[in-house]
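# Summary of the model geometry
Read off the chains here:
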Amino acid sequence: MQNKIDDIQNHFEKELNLIENSDQLEEFRVKYLGRNGSISELFEEFKSLPKEEKPKYGKTLNVLKNKYQSLFDSKKEEISAKSTVSKSDIDFTLPGRERKLGRTHILTQTMFEIKAFFKNLGFSIHEGPELESDYYNFEALNFPADHPARDMQDTYFVADDFLMRTHTSPVQIRLMKNSKPPIRAIMPGKVYRNEAISAKSYCLFHQVEGLFVDTDVTFAELKGTLVAFAKHFYGKDVKYRFRASYFPFTEPSAEVDVWWQPKGKEGKWLEILGCGMVDPNVLENVGIDSEKYVGYAFGMGVERIALLRYGINDIRLFFDNDNRFLTQF
Ligand code: DAH
């Protein structure tokens, strides 16, 4: 009898502490507290004890039973609080659910890459407001009021003197007003045009503006930088050309075209950016001495650059948020 009591005392609590789920708990209950469990067995044996031993063991057994019953009850509560599902309710053979990860939009990826390229060349990055005043968007960039060059950009006016910027060039003005040369920066952002929406044009798109102002900046340097950019983006065999153009804020001005050759179709030149030497009038407008300083500037269309690189034929795809398109990149 005493041996059995010792045995229970040695093992009951140790085993109880190891229990982790309701199946194990049930097994344990049967072993110790069930109708044929070891504690019931003790009571069975008690019946056949000699009379003189009964009082001693009677008390011990009752204390023992109560103690272990209450230990068991609190373990049971603990287990049922932890989980209402037992392991056997889970089907481990079910296939897992695939989680779809989000990804960076192809335009954002292109932006990242453009920024990284110019950062490596020592350009800093600046941003400006999308709602602009007429002064920054046009006037200071040498587009006088009523000048026909304003027709180059169909504008969303918000109030008489305020508009959604039609290009990122106004950020050049803000930057030059707020800092002293040398200035070497790119200015990425959204721009807005009041154009009929089609495969080729959208009311919103992205540009990256570039500006370098110092005492000895040359057109050759501008060309070298932009050719390096075209080669970085389209491979070293890219076919490109600089074509003379006109912008009110640069003189001389040029546009850069890249040859686009879709498979099995006729190829054509596609414009990716405008550029030129900053017009001395613009430098004077922002208080930079145009006798002492020269600058170059460029403005590129991010959608155009991506369209060309990935052979996308409709600008609207960038804005439709169709996963079948977006997940290809
Ligand atoms: N802002 C012009 C546009 O949106 C692009 C441009 C051309 C920017 C020449 C420049 C530049 O900085 O030098 O059409």
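Everything here concerns the structure above.
Below is a short write-up of the structure. (Residues numbered from 1 in each chain as written. Predicted model: local features only at pLDDT ≥ 70, side-chain atom pairs only at ≥ 80, totals over all residues. Heavy atoms only, no water.)

Right, let's get into the pattern of salt bridges. A side chain of one charge can pair with a side chain of the opposite charge when the charged atoms of the two come close. Applying the stated criterion to the full structure yields 13 salt bridges. Where Glu13 meets Lys67, a salt bridge forms, and the shortest distance between an N and an O atom there is 3.7 Å. Here the residue Glu13 occupies a position in helix 1 (residues 2–18), and Lys67 occupies one in helix 4 (residues 54–82), the gap between them amounting to 54 residues. For Glu13, a relative accessible area of 35% puts it in the partly exposed group. According to the relative accessible area criterion, Lys67 is partly exposed, its value standing at 39%. Salt-bridge contacts for Lys31 lead to Glu15; the nearest nitrogen and oxygen are separated by 2.9 Å. With Lys31 in helix 2 (residues 22–32) and Glu15 in helix 1, the pair connects residues that are 16 residues apart, well separated along the chain. Bridged by salt links that share partners, the residues Arg241, Arg243, Glu255 and Asp257 form one connected network. (Salt bridge = Lys/Arg side-chain N within 4 Å of Asp/Glu carboxyl O. Helix = DSSP H or I, 4+ residues; strand = E, 2+ residues; numbered from the N terminus. Buried < 20%, exposed > 50% of the residue type's maximum accessible area, 1.4 Å probe, protein only.)

All right, on to the site of the ligand then. In the vicinity of the ligand lie 16 residues, with His167, Ser169, Arg193, Gln207 and Glu209 positioned nearest. Here Ser169 contributes a side-chain N or O atom positioned 3.0 Å from a nitrogen atom of the ligand. A distance of 2.6 Å separates an oxygen atom of the ligand from a polar atom in the side chain of Glu209. If the ligand stood free it would expose 350 Å²; the protein chains cover 92% of that surface. Most atoms of the ligand, that is more than half of them, are within 2 Å of grid points of the largest pocket. (Near = heavy atom within 4 Å. Polar contact = N/O pair within 3.5 Å; in protein donor to acceptor, adjacent residues only side chain to side chain. Areas by Shrake-Rupley, 256 points an atom, 1.4 Å probe, with all protein chains shown as cover. 1 Å grid on protein atoms, 1.4 Å probe; cavity = no way out; pocket = protein on both sides within 12 Å on 5 of 7 lines; lining within 4 Å. Sits in = over half its atoms within 2 Å of the grid points.)

Glancing now at the sheet that holds strand 4 (residues 162–164). Each strand in a sheet pairs with its neighbour through backbone hydrogen bonds, running either in the same direction (parallel) or in the opposite one (antiparallel). In spatial order, the strands read 2-4-3; together these three strands make up an open sheet with antiparallel pairing. The open sheet has two free edges, formed respectively by strand 2 (131–133) and strand 3 (157–159), since each of these has just one partner strand. Sheet twist, expressed as the mean angle between neighbouring strand axes with direction ignored, is 35°. (Pairing = 2+ DSSP bridges. Axes fitted to C-alpha atoms, helices over the stretch in contact; angles between N-to-C directions.)

Our focus in this paragraph is the layout of surface pockets. As a volume, the largest pocket reaches approximately 700 Å³. In terms of lining residues, the largest pocket is bounded by 34 residues, among which Arg193, Phe205, Gln207, Glu271 and Gly301 are the most central. Contributions of two or more residues to the lining of the largest pocket are made by helix 7 (169–178), strand 6 (204–214), strand 7 (240–247), strand 8 (250–260), strand 9 (268–278), strand 10 (294–301) and helix 10 (302–310). Considering every element that reaches the lining of the largest pocket, the biggest residue donor is strand 9, with six residues. In the lining of the largest pocket, the residues fall into 14 nonpolar, twelve polar and eight charged. (Points joined across faces, edges and corners; volume = space filled by probe spheres on them. Nonpolar A, V, L, I, M, F, W, Y, C, P; charged D, E, K, R; others polar.)

Honestly, it's all geometry; don't read function into it.
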